[in-house]
Amino acid sequence: MRLGDLRFLLSQVGRELLEQTAATPLTPDNHLPIAGRLRQQVGPTQAQAILETVLLRQLAVTKFGRAAEMFFTRPALEQASAEGVSHYRAGRFQAAGWQWIADLGCGIGGDSLALAAQAQVIGIELDEVRLRMAGENARVYGRGERFYPLCADLRQLAPLPIQALFFDPARRDEHGRRLYSVQHYRPPLTLLDAWREKTPNAAAKISPGVDYDELPPAAEVEFISVAGGVREAVLWFGDLRSAAQRRATLLPAGHTLTDQDERSAAVARPQSYLYEPDGAVIRAHLVEQLAYQLEAARIDPQIAYLTAGHHQPTPFATVYAIEDAFPFQLKRLRTYLRQRNVGRVVVKKRGSPLDPDWLRHQLRLGGDEERVIFLTQVQGAATVLVGRAG
């Protein structure tokens, strides 16, 4: 979208057409006739801007509570944090009571909105369209007076004297491909080095798949899981950093686990219960810390499954009751399940080369019962565990 298209959308005519077009949800069936009518009214370029905005607002409802009034570009929406994640992060800034925060690479303003709930926010963005959208989105949330837009190239802008900052570099290249190294981000994570000389209190959003070797030793790394899926990672510096070096946080409840009391876990054969840690716990290398809390053991030094003879509820793992464990043999597993009238299986794997879809097809089951099948290793040996959801 070009700046002229956005100006049109913000005009009285543009806003009215957005409202009229959004009255009926866009679907593959009605998209073409609606597009045709809009082209006759305002021309192809502005018609496309209206359609794209309406569609992106429909997609954004999973991330933003006021998506129906906001403005987005597709790449910016894809990379924007969900509202709950941004609010959680902003809470760590708000706890310190800072009044001025810089949002480096603010995009369409998702994190600026959360930070501006309690502080004045300078939103810095090179893309003028995204920056204008960020200002409009701040007004949608009633925080326009707290948001100060600055169109600038972070690679050339001298660090500002500010109390704290949040850095959100692009993690995709110009073709939309993911960038996995923090040194390839746009701008790279090293940009923070100069800013932190003036503003040590900083946070940076990075990919949850980051290579641990690239993590700055001065930072706490926090992996954030939302409803069971690992969504983001954040580096915390200065007074924003806690005593921990690694943290796993589960949203929306806000449960958190850290490495402050580092522990080691024993290795044992599968017992009555199997614990499958949340992905954030695994990425934060906190499986053994969780094992200590649960009084559990690992089934293998290289596998992130825990086992115990008792059932202890925890937000950090899903628990399963284990019925049996034996070396993997397809024929034996098929016979075992058929004897128990099992017709539906959920197949999970960790440390196994087998494809779950292939296994489900090969089992050829037809009963009424359901089981969970774990394809894994137990002390180095390929093993299948059969269980039920706890």
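Each remark here, short or long, concerns the structure printed above.
This text gives an overview of the structure that appears in the document. Please read all numbers here as calculations on a predicted model, not as lab measurements.

A few points about unusual backbone geometry
Peptide bonds are, in most cases, trans, and in most cases residues other than glycine have a negative phi.
Here comes step 1: Omega for the bond connecting Arg186 with Pro187 falls within 30 degrees of zero, at -5 degrees, which places this linkage in the cis form.
Here comes step 2: Positionally, Pro187 belongs in the loop between β4 (164–167) and α9 (191–198).
Here comes step 3: For Asn341, which is not glycine, the phi dihedral falls at a positive 60 degrees.
Here comes step 4: Take Asn341: it is sitting in the loop between α12 (330–339) and β14 (342–349).

Let's talk about the environment of Ala233
Here comes step 1: Along the chain, Ala233 turns up in strand β7 (residues 229–236).
Here comes step 2: Considered as a pair, Ala233 and Ser207 are 26 residues apart in the sequence and their alpha carbons are 5.8 Å apart.
Here comes step 3: In contact with Ala233, other than residues within four places in its own chain, are Ala204, Lys205, Ile206, Ser207, Pro208, Glu222 and Phe223.

A look at the sheet that holds β4
Here comes step 1: With respect to topology, nine strands assemble into an open sheet ordered β3-β2-β1-β4-β5-β7-β6-β8-β9, the strand pairing being mixed. Whereas interior strands pair on both sides, the edge strands pair on one side only; in this sheet they are β3 (147–151) and β9 (255–258). Recorded for the sheet is a direction-independent mean angle of 20 degrees between the axes of neighbouring strands.
Here comes step 2: One ladder, built from three bridges, connects β4 with strand β5 (residues 202–206); its direction is parallel. The residue of β5 that forms the bridge with Leu165 is Ala202.

Section: the packing of helix α1 (residues 3–10) against helix α4 (residues 44–60)
Here comes step 1: Closest axis-to-axis distance for the α1/α4 pair is 10 Å, and the angle between their directions is 70 degrees. Our classification of the angle between α1 and α4 gives roughly perpendicular. Handedness of the crossing formed by α1 with α4: right-handed. In this structure, α1 contributes Asp5, Phe8 and Leu9 to the contact, and α4 contributes Thr45, Gln46, Ala49, Ile50 and Thr53.
Here comes step 2: A class-by-class count of the residues in the contact of α1 with α4 yields four nonpolar, three polar and one charged.

Some words on helix α2 (residues 12–22)
Here comes step 1: What α2 keeps buried is the set Gly14, Leu17, Leu18 and Thr21. Taken end-on, α2 shows its buried residues confined to a sector of 105 degrees, consistent with a single buried face. Projecting away from the buried face of α2 at angles above 90 degrees are the exposed residues Gln12, Glu19 and Gln20.
Here comes step 2: Buried-residue contacts for α2 involve α1, α3 (31–42) and α4.

Definitions and limits used
- Residues numbered from 1 in each chain as written.
- Predicted model: local features only at pLDDT ≥ 70, side-chain atom pairs only at ≥ 80, totals over all residues.
- Heavy atoms only, no water.
- Helix = DSSP H or I, 4+ residues; strand = E, 2+ residues; numbered from the N terminus.
- Contact = heavy atoms within 4.5 Å.
- Pairing = 2+ DSSP bridges.
- Axes fitted to C-alpha atoms, helices over the stretch in contact; angles between N-to-C directions.
- Parallel < 35°, antiparallel > 145°, perpendicular 65-115°, else oblique.
- Left-handed = near helix turned anticlockwise from the far one by under 90°.
- Nonpolar A, V, L, I, M, F, W, Y, C, P; charged D, E, K, R; others polar.
- Buried < 20%, exposed > 50% of the residue type's maximum accessible area, 1.4 Å probe, protein only.
- Arc of directions from axis to C-beta.

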